[in-house]
Amino acid sequence: MIDPRELQARLAEEMPPAWRAAFMAVPRHEFIPDTVWVRREGRPVPLTRAEAPDEWLNVCYADEPIAVQLDDGDGSGRGHVTSSASMPTTVALMLEAAGLRPGAHVLEIGTATGFNAALVASRVGVENTTTIEIDADLAANARAALVNAGFPVEVVTGDGTKGHAPNAPYDRILSTAAVHKVPYPWIEQTAPGGRIVTPWGTAFHSGALLRLDVNGDGTASGRFDGDTGFMWVRDQRTPHGAVEDRVKPEHDFAETVTDLHPYEPVGDFSASFAIGVRVPGMLSTLVYDNDDPGTQRYTVHLMDPVSESWAAWRIQPGPREYPVRQHGPRRLFDELASAYAWWEGAGRPDYTRFGLTVTPNGQSVWMDDPVHTVA
Ligand SMILES: C[S@@+](CC[C@H](N)C(=O)[O-])C[C@H]1O[C@@H](n2cnc3c(N)ncnc32)[C@H](O)[C@@H]1O
């Protein structure tokens, strides 16, 4: 039988020095449910503490996210991960970005297991920590785990995009679920001079960490830094759907040829970040022929489920002449190509040169300076 304290010490060593003691004070395995989901051949399968205690414990202390709920717990078997214990080094990155000091009032959005809430509480105090989870079962489990581990913080069951006004104002709001649009109640419920840290992304790009400083005039502004892909808050999920559900045989399409290869527009972090910012609501899926990456033959599908537009960008070895088919009111490939040309023309900016400002009227993304709005 493995000693969890040894695994805990090893994991704590991988954390930034300022957070090592907290990772030693909060045993992660006490927050992880007895059944978790691990990926085998692309499908999530259950791993139980009772059947594989050592494997379960190793999973608890690996620097990996752990899936703790599928399909919002509806039992449908679709296999979408809807709650997880975040990857420990990502948790630490966010805690560092939040700049937590003892005594600060903190609201965490997305309790899930309660592990992060316990880490927050270990720094700012149990009485200063509130955490909110939309899923009632997860909230109840986290509440019990937090009490059990000696961090009985207030766990609210509710929609975190509305914040939690009764305990406001907060010095810090820390969201562990990603947003496309920063909810304005977060600005209203943060004290002037306070900070909001949240993963932010687009339909095209899984996102980056956004650190917003809240001003006293009802606005907040800050930059992106940190590669953090998170699940979305529930009401900001982009509709999914298999390519087969979106690209129908009866669809007409216009066909062109391009020499643009997806390597950078789709594969480069900063290029695809900028494209996601400039081209709203566009999803992409890469499908290899016969599911075999070795063939070097694949299609990049671009889709906008709202306007029912799609583009299929066909890549194969040989000359740089890639056929593109486009259907629907939006010409998604043309939009992508023009956003990529914009990024190249702007000097191929790194994503950390972008920032975001929120006002009561909405949000805008800028480059280098809030006056240079890009979307
Ligand atoms: C990646 S997990 C959070 C990880 C967690 N902080 C931890 O320490 O393990 C994201 C969580 O956000 C929750 N969530 C999604 N939308 C939400 C919302 N609108 N309000 C509150 N929680 C939400 C999900 O149910 C999920 O449990």
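Residues numbered from 1 in each chain as written. Predicted model: local features only at pLDDT ≥ 70, side-chain atom pairs only at ≥ 80, totals over all residues. Heavy atoms only, no water.

Read from one edge to the other, the open sheet built from 10 strands follows the order β7-β6-β5-β8-β9-β10-β11-β17-β18-β19, with strand pairing classed as mixed. Each edge of the open sheet carries a strand with a single partner, namely β7 (154-157) and β19 (369-373). Between one strand and the next, the sheet's axes are offset by a mean angle of 25°, whatever the strand orientation. Of the strand pairs in this sheet, strand β9 (residues 190-200) and strand β10 (residues 208-214) are connected by six bridges, and their pairing is antiparallel. Note that in β10 the partner of Arg195 across the bridge is Asp213. (Pairing = 2+ DSSP bridges. Helix = DSSP H or I, 4+ residues; strand = E, 2+ residues; numbered from the N terminus. Axes fitted to C-alpha atoms, helices over the stretch in contact; angles between N-to-C directions.)

Attention shifts here to the packing of aromatic side chains. To describe a pair of aromatic rings, one takes the distance between the centres and the angle between the planes. Taken as a whole, this structure holds 13 aromatic pairs when the rule is applied. Seen in terms of ring centroids, Phe23 and Phe115 are 5.8 Å apart; in terms of plane orientation they differ by 75°. Their pairing is edge-to-face. Taken as a pair, Phe23 in helix α2 (residues 17-25) and Phe115 in helix α5 (residues 115-124) lie far apart in primary sequence, 92 residues in all. By the burial criterion, Phe23 is buried, and Phe115 matches it. One aromatic cluster in this structure is built from Trp200, Phe224, Phe269, Phe273, Trp342, Tyr351 and Phe354. Positioned above the aromatic ring of Phe115 is the side chain of Arg28, whose terminal nitrogen or guanidinium carbon lies 5.8 Å from the ring centre. The ring of Trp19 has Arg123 sitting right over it, with the charged end atom 4.0 Å from the ring centre. (Phe/Tyr/Trp six-rings, centres within 6.5 Å; stacked < 30°, edge-to-face > 60°. Buried < 20%, exposed > 50% of the residue type's maximum accessible area, 1.4 Å probe, protein only. Lys NZ or Arg CZ within 6 Å of the ring centre and 35° of its normal.)

Taken together, 25 residues form the shell around the ligand, and within it Ser83, Gly110, Glu133, Asp159 and Gly160 come nearest. One nitrogen or oxygen atom from the main chain of Asn116 is found 3.0 Å from an oxygen atom belonging to the ligand. The contact in question runs from a nitrogen atom of the ligand to an N or O atom on the side chain of Asp159, over 2.9 Å. Within the complex, 98% of the 610 Å² of free accessible area of the ligand lies under protein. Mapped onto the shell around the ligand, the elements with two or more residues apiece are β4 (81-85), α5 and β6 (129-133). Its residues assigned to classes, the shell around the ligand shows nine nonpolar, 12 polar and four charged. (Near = heavy atom within 4 Å. Polar contact = N/O pair within 3.5 Å; in protein donor to acceptor, adjacent residues only side chain to side chain. Areas by Shrake-Rupley, 256 points an atom, 1.4 Å probe, with all protein chains shown as cover. Nonpolar A, V, L, I, M, F, W, Y, C, P; charged D, E, K, R; others polar.)

Moving on, we come to the environment of Ile196. Tracing the chain through its elements places Ile196 in strand β9. Sequence separation of Ile196 and Gly114 is 82 residues, and the distance between their C-alpha atoms is 19 Å. Aside from chain neighbours lying at most four places away, what touches Ile196 is Ile173, Trp186, Ile187, Thr190, Leu210, Arg211, Leu212 and Val214. (Contact = heavy atoms within 4.5 Å.)

A few words now on the domain arrangement of the protein. According to the domain assignment, the protein contains domain 1 (4-232) and domain 2 (243-345). Its C-alpha centre places domain 1 at a distance of 33 Å from the equivalent point of domain 2. In total, domain 1 and domain 2 occlude about 900 Å² of area from one another, counting both sides; carbon and sulfur atoms represent 79% of this. A per-residue breakdown of the area domain 1 buries against domain 2 is headed by Ala203, Phe204 and His205, which together make up 70% of the total. Inspection of the domain 1/domain 2 interface yields zero salt bridges. (Domains from an automatic or database assignment. Buried area = accessible area lost by both parts, 1.4 Å probe. Salt bridge = Lys/Arg side-chain N within 4 Å of Asp/Glu carboxyl O.)

Our focus in this paragraph is the pattern of salt bridges. Tallied over the full model, the rule gives 16 salt bridges. The salt bridge involving Arg40 is made with Glu55; its shortest N-O contact spans 2.9 Å. Taken as a pair, Arg40 in strand β1 (residues 35-40) and Glu55 in helix α3 (residues 53-60) lie far apart in primary sequence, 15 residues in all. Residues Arg195 and Asp213 are paired through a salt bridge, measuring 3.5 Å at the closest nitrogen-oxygen approach.

A few words now on the nonpolar core. In terms of nonpolar packing, the biggest core is built from 52 residues, with Phe23, Phe31, Val36, Leu95, Leu100, Leu119 and Leu146 touching the most fellow members. Contributing elements (two or more residues each) for this core: α1 (4-13), α2, β1, α3, β3 (66-70), α4 (88-98), α5 and α6 (136-148). Ranked by residue count, the leading element in this core is α5, at seven residues. Apart from the residues lying within four places of it in its own chain, the contact partners of Val36 are Val45, Pro46, Leu47, Trp56, Val59, Ile66, Ala67 and Val68. One finds Ile173, Val182, Val277 and Trp313 within the second-largest nonpolar core, a separate group that totals 50 residues. (Core = buried A, V, L, I, M, F, W, Y, C linked by side-chain atoms within 4.5 Å.)

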